[in-house]
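As a plain string of letters, each chain reads:
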Amino acid sequence: MNMGTSTPPLTKLAAWQALEAHYPKVRDLHLRKLFADDTKRAERMTAEAVGIYFDYSKHRITDETLRLLLQLAEESGLRARIDAMFRGEKINVTEKRAVLHVALRAPNGQSMMVDGEDVVPQVHAVLDKMAGFSNRVRSGEWKGHTGKRICNVINIGIGGSDLGPVMAYEALRYYSQRDLTFRFVSNIDGTDFAEATRDLDAEETLFIISSKTFATLETMTNAHTARDWILKSLKHPAAVARHFVAVSTNAAAVAMFGIDTANMFEFWDWVGGRYSMDAAIGLSTMIAIGSEHFLAMLDGFHQMDEHFRTAPFERNLPVLMGLLGLWYNNFFGAQTIAVLPYEQYLKRFPAYLQQLTMESNGKHVTLAGTEVDYQTGPIYWGEPGTNGQHSFYQLIHQGTKLIPCDFIGFLQPLNPLGRHHDLLFSNMFAQAEALAFGKTSQEVQAEGTPAWLAPHRTFEGNRPSSTILLERLTPEALGKLIALYEHSVFTQGAIWSIDSFDQWGVELGKALAVRIIPELEPAAEHQLTHDSSTNALIRRYGRAKEPSHGR
Ligand code: G6Q
């Protein structure tokens, strides 16, 4: 395995240095000229695989840029890293874990090994158990404590145990069983739980406690509040077993909570939280859309996995996408990437991608523990089109920052209504066109705009974007799209030689919060030893809890 030691440091690679020399030649090239000089550009700079059409012609690259980026992928040992992941090697070096979310979507019969054991049979055993349970809830066979049918399913989880389920539920809502209500509680702010349950009947409500560790403060706090809420209505401890199931790797803690471990859905330490929506963490998704659709989603993921594993880099969608992101991040100095799905059902997709991309590649040291001397993961953000057009697109078009954009669209609408879909797509195509080609000051003045106003109405253009088209938003298509981003993140992390699978950066704040909890008790006279700002904030909060406060 390449631990960042067997190959030279990234910035010493021949391809990196060639890219540095090449960058000044491309920096000032305008997409207007690149397209004018080469009428076949759009034909050449597109790739299509497993039903995804990827147009990358509106990027500030030449054939030489692409050649050098692909050379960088080769020189940095990306191929060996991909193979190591699929072989179940412990490529999450800081946690000494294999990274095998690809095994979650491997078909029955394929084998994938972790520590000499084939994990695919275990994966399918859990999928079967999930399917059995989902069918019982969907059919009404699974009853609550008082014999009423379950109508409401609430997933309690946070981070990787929440964002995937929320995103997938929203994305695949079209396929969901409409007589079931789904809610997702993640925040430790009591409002999240209170609002999610205020109009629900406890007798008809099932909680899924989703937590890999079953120890996360937010999730366990919400889970205990949920248990109190159930017991307050149903009055009998036996109700817990009918109204709670768990998704976890920690059977002992699940049993301690009072959940029957027969109703625990297992997953494994080789599944990272943000890569776990295909594991039992997807139980709410399976209940919503049914096991057949869920399996179709896994098949979509698997098709992209196989493409990533086998396709030559120059036709490999996640590799191309990862390299283009790296080009702007490391050479143009771009700080962010906007993800702009022209699909209302993908409204939570940017939020999901934020964790996938930023928790994975927001790292400052290499696998070998040395400080990087190049930029790593960019900031991802976005909103579904066309809403964003009426808010932040202004800055992308005419601001001073370079923001590469991903436009995502599905050719066939799920809800065909009048001309809505044509109007949606005309907007998406127009935005990418406007960003790339802009409008010159001559064009603006030729329209009769007075000279003083012309600068304001001029669009410089040369703003890069990818356009990603799929046929129709099906569970299978969603799987392909998510896996495209997962492997693009992998590609970048491998080239940057960082651990894309740990998340130590979330630890410090958690530890400090635990220390502060007792200091918020009003009565106690605390010896506060934080900095003066934190001390003052804690004291102010404590005073607000005193009975005399606000009188
Ligand atoms: C994801 C992270 C993190 C994790 C949450 C929830 O990759 O590990 O977001 O998913 O902290 O953890 P639990 O599932 O253990 O509650």
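Cut-offs applied
Residues numbered from 1 in each chain as written. Predicted model: local features only at pLDDT ≥ 70, side-chain atom pairs only at ≥ 80, totals over all residues. Heavy atoms only, no water. Near = heavy atom within 4 Å. Polar contact = N/O pair within 3.5 Å; in protein donor to acceptor, adjacent residues only side chain to side chain. Areas by Shrake-Rupley, 256 points an atom, 1.4 Å probe, with all protein chains shown as cover. 1 Å grid on protein atoms, 1.4 Å probe; cavity = no way out; pocket = protein on both sides within 12 Å on 5 of 7 lines; lining within 4 Å. Sits in = over half its atoms within 2 Å of the grid points. Nonpolar A, V, L, I, M, F, W, Y, C, P; charged D, E, K, R; others polar. Pairing = 2+ DSSP bridges. Helix = DSSP H or I, 4+ residues; strand = E, 2+ residues; numbered from the N terminus. Axes fitted to C-alpha atoms, helices over the stretch in contact; angles between N-to-C directions. Contact = heavy atoms within 4.5 Å. pLDDT = per-residue confidence, 0-100. Buried < 20%, exposed > 50% of the residue type's maximum accessible area, 1.4 Å probe, protein only. Arc of directions from axis to C-beta.

S.K.: Pulling in residues and values, what's your account of the site of the ligand?
M.R.: If you check the shell around the ligand, you find 13 residues, and the closest are S161, S211, K212, T213 and T216. With respect to the ligand, the side chain of S161 contributes an N or O atom lying 2.7 Å from an oxygen atom. Between the ligand and T213, the relevant distance is 2.6 Å, taken from an oxygen atom to a side-chain nitrogen or oxygen of the residue. Out of a free accessible area of 410 Å², the ligand has 86% covered by protein chains. When atom positions are compared with the pocket grids, the ligand is found to occupy the largest pocket. Its residues placed into classes, the shell around the ligand shows one nonpolar, nine polar and three charged.

S.K.: An account of the sheet that holds strand 8 (residues 244–248) is needed here, citing residue identities and associated values.
M.R.: The sheet built from five strands is open, its strands ordered 6-5-7-8-9 with parallel pairing. Both edges of this open sheet fall to strand 6 (181–185) and strand 9 (264–266), since each of them pairs with a single strand only. With direction set aside, neighbouring strand axes in the sheet form an average angle of 20°. As judged from the five bridges shared by strand 5 (residues 152–156) and strand 6, these two strands associate in the parallel manner. Opposite N155, over in strand 6, you have F184 as the bridge partner. The sheet contacts of helix 6 (residues 120–139) involve strand 5, strand 7 (205–210), strand 8 and strand 9, and relative to strand 9 the element is tilted by about 145°. Sheet contacts for helix 9 (residues 217–234): strand 5, strand 6, strand 7 and strand 8; angle to strand 7, the most-contacted strand, approximately 160°.

S.K.: Residues and numbers for the side chain of T65, please.
M.R.: Among the secondary structure elements, T65 is positioned in helix 4 (residues 63–75). Leaving out residues up to four positions away in the same chain, T65 has contacts with L19, H22, V26 and W327.

S.K.: Describe in detail the confidence of the model for the chain, supporting the description with residues and values.
M.R.: With 98% of its residues at a pLDDT of 70 or more, the chain has an overall mean of 96. Counting contacts from residues 1–5, a segment whose pLDDT is below 50, to residues more than four positions away or on other chains yields 17 contacts.

S.K.: Quick one: what's the story with helix 8 (residues 190–197), residue by residue and with numbers?
M.R.: Listed as buried for helix 8 are F193, A196 and T197. Buried residues of helix 8, seen end-on, are gathered within an arc of 85° and therefore sit on one face of the element. In this structure, the buried side of helix 8 is in contact with strand 5, strand 6, strand 7 and helix 9.

S.K.: Explain the sheet that holds strand 13 (residues 465–472) to me, using residue names and the numbers behind them.
M.R.: Spatial strand order, 1-2-13-12-10-11: six strands in an open sheet with mixed pairing. Each edge of the open sheet carries a strand with a single partner, namely strand 1 (46–49) and strand 11 (379–381). Pairwise comparison of adjacent strand axes, ignoring direction, gives a mean angle of 15° for this sheet. The pairing of strand 1 with strand 2 (residues 52–55) spans four bridges and is antiparallel. Pairing of E48 across the sheet is with Y53, part of strand 2. Relative to strand 2, helix 14 (residues 317–332) is tilted by about 30°, and along the sheet it contacts strand 1, strand 2, strand 10 (336–342), strand 12 (405–412) and strand 13.

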